[in-house]
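Each chain is listed here by its residues.
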Amino acid sequence: MDKSLGDIQREVDTYISQFKEGYFSPLSMLARMSEEVGELAREVNHQFGEKPKKADEADNSIELELGDILFITVCFANSLGIDLTEAHNKVMHKFNTRDAGRWTPKNTD
């Protein structure tokens, strides 16, 4: 099932809203996001780098770690009233204007 960013933001808000604690503070969410990015880095290093997993380490996946990062990103945006679709549109505009000539286009022949 395809979901828009708005759908995802509403789904996460519905989930978080059922708890008295609600969203964490921005500083706590930034710390959580940093932790999740570290876990992603560890998985990427295990899979593509020179550091194999220890035999007793849990078998996590890059997919799940990216999912965790998406979840905390949505929580962060929701707590600050940021529409991620609008944020994405602004970023794409920036890449399509400021960075328009930065990369070599593929041949379309």
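None of these values were measured; they are calculated from a predicted model.

Definitions and limits used
- Sequence order as written defines residue numbering, which begins from 1 separately in each chain.
- pLDDT decides what is reported in this predicted model: residues at 70 or higher carry local features, side-chain atom pairs at 80 or more are listed and counted, and totals for whole chains, interfaces and linings draw on all residues regardless.
- As a rule here, side-chain values come from all non-hydrogen atoms in the structure, and water together with hydrogens is ignored.
- Joining through side-chain atoms within 4.5 Å is the link that ties buried Ala, Val, Leu, Ile, Met, Phe, Trp, Tyr and Cys residues into a set, and such a set is a nonpolar core.
- Burial here depends on accessible area, computed with a 1.4 Å probe over protein chains only, as a share of the maximum for the residue type. Under 20% is buried, over 50% is exposed, and the range in between is partly exposed.
- Elements are defined by DSSP. Helices are runs of H or I of four residues or more, strands are runs of E of two residues or more, and each kind is numbered from the N terminus.
- Whether two residues are in contact is decided by their heavy atoms: any pair within 4.5 Å suffices.
- Note on method: axes are straight lines fitted to C-alpha atoms, helices fitted across the in-contact stretch only, with angles between N-to-C directions ranging 0 to 180 degrees.
- Relative orientations are named as follows: roughly parallel for angles under 35 degrees, roughly antiparallel for angles over 145 degrees, roughly perpendicular for angles from 65 to 115 degrees, and oblique for any other angle.
- In this scheme the crossing of two helices becomes right-handed for a clockwise turn of the near helix relative to the far one and left-handed for an anticlockwise turn of less than a right angle.
- Classes in brief: Ala, Val, Leu, Ile, Met, Phe, Trp, Tyr, Cys and Pro nonpolar; Asp, Glu, Lys and Arg charged; the others, Gly included, polar.
- A patch is a set of surface residues, each over 30% in relative accessible area and not in a salt bridge, joined within 9 Å for like charges and within 5 Å for the nonpolar side chains Val, Leu, Ile, Met, Phe, Trp and Tyr.
- For accessible areas, the Shrake-Rupley method is used with a probe of radius 1.4 Å. Any residue's cover is judged against the shown protein chains and nothing else.
- Counted as salt bridges are all cases of a side-chain nitrogen of Lys or Arg within 4 Å of a carboxyl oxygen of Asp or Glu.
- Under the convention used throughout, the expected extent of a helix is 1.5 Å for every residue step, that is, one less than its residue count.

## A look at the nonpolar core
For step 1, the next point in the chain: Grouped together as the largest cluster of nonpolar side chains are 11 residues: Ile-8, Val-12, Ile-16, Met-29, Met-33, Ile-72, Val-74, Cys-75, Phe-76, Ala-77 and Leu-84.
For step 2, the next point in the chain: Looking at this core, the elements that each hand over two or more residues are helix 1 (5–17), helix 2 (26–48) and helix 3 (62–80).
For step 3, the next point in the chain: For this core, the element with the most residues is helix 3, which contributes 5 residues.
For step 4, the next point in the chain: When near neighbours in sequence (up to four residues on either side) are disregarded, Ile-8 contacts Lys-3 and Val-74.

## What about the packing of helix 2 against helix 3?
For step 1, the next point in the chain: Relative orientation of the contacting elements helix 2 and helix 3 amounts to 165°, with a least axis distance of 9 Å. Taken together, the axis directions place helix 2 and helix 3 in an arrangement best described as roughly antiparallel. Helix 2 and helix 3 meet at a crossing whose hand is left-handed.
For step 2, the next point in the chain: Its residues assigned to classes, the contact of helix 2 with helix 3 comprises 15 nonpolar, 3 polar and 6 charged.

## Considerations on a nonpolar patch on the surface
For step 1, the next point in the chain: On the surface, Val-91, Met-92 and Phe-95 cluster together into a nonpolar patch covering about 230 Å² of accessible area.
For step 2, the next point in the chain: Along the polypeptide, Phe-95 turns up in helix 4 (residues 84–97).
For step 3, the next point in the chain: Here Phe-95 falls in the partly exposed class, since its relative accessible area comes to 39%.

## What to know about helix 3
For step 1, the next point in the chain: With 19 residues, helix 3 should cover 27 Å at 1.5 Å per step; its first-to-last C-alpha distance of 27 Å lies within 8% of that length.
For step 2, the next point in the chain: Every buried residue of helix 3 is listed here: Ile-62, Glu-65, Ile-69, Ile-72, Val-74, Cys-75, Phe-76, Ala-77 and Asn-78.
For step 3, the next point in the chain: Summarising the contacts, the buried residues of helix 3 are in contact with helix 1, helix 2 and helix 4.
For step 4, the next point in the chain: Backbone geometry just downstream of helix 3 places Gly-81 in the positive-phi region, at approximately 70°.

## Examining the packing of helix 1 against helix 3
For step 1, the next point in the chain: Orientation of helix 1 relative to helix 3, taken along the N-to-C sense of each, is 80°, at an axis distance of 10 Å. One way to sum up the angle between helix 1 and helix 3 is to call them roughly perpendicular. Seen from helix 1, the contacting residues are Ile-8, Gln-9, Val-12, Asp-13, Tyr-15 and Ile-16; seen from helix 3, they are Phe-71, Val-74, Cys-75, Ala-77 and Asn-78.
For step 2, the next point in the chain: Considered class by class, the residues forming the contact of helix 1 with helix 3 number 8 nonpolar, 2 polar and 1 charged.

## Some remarks on the pattern of salt bridges
For step 1, the next point in the chain: Tallied over the entire structure, the rule returns 5 salt bridges.
For step 2, the next point in the chain: Arg-32 is paired through a salt bridge with Glu-36; the nearest N and O atoms lie 3.2 Å apart. Taken together, the residues Arg-32 and Glu-36, both in helix 2 and 4 residues apart, mark about one turn of the helix.
For step 3, the next point in the chain: Note on Arg-32: relative accessible area 27%, which makes it partly exposed.
For step 4, the next point in the chain: Residue Glu-36 is classed as buried on the basis of its relative accessible area of 5%.
For step 5, the next point in the chain: Through salt bridges that share partners, Arg-98, Asp-99 and Arg-102 make up one connected network.

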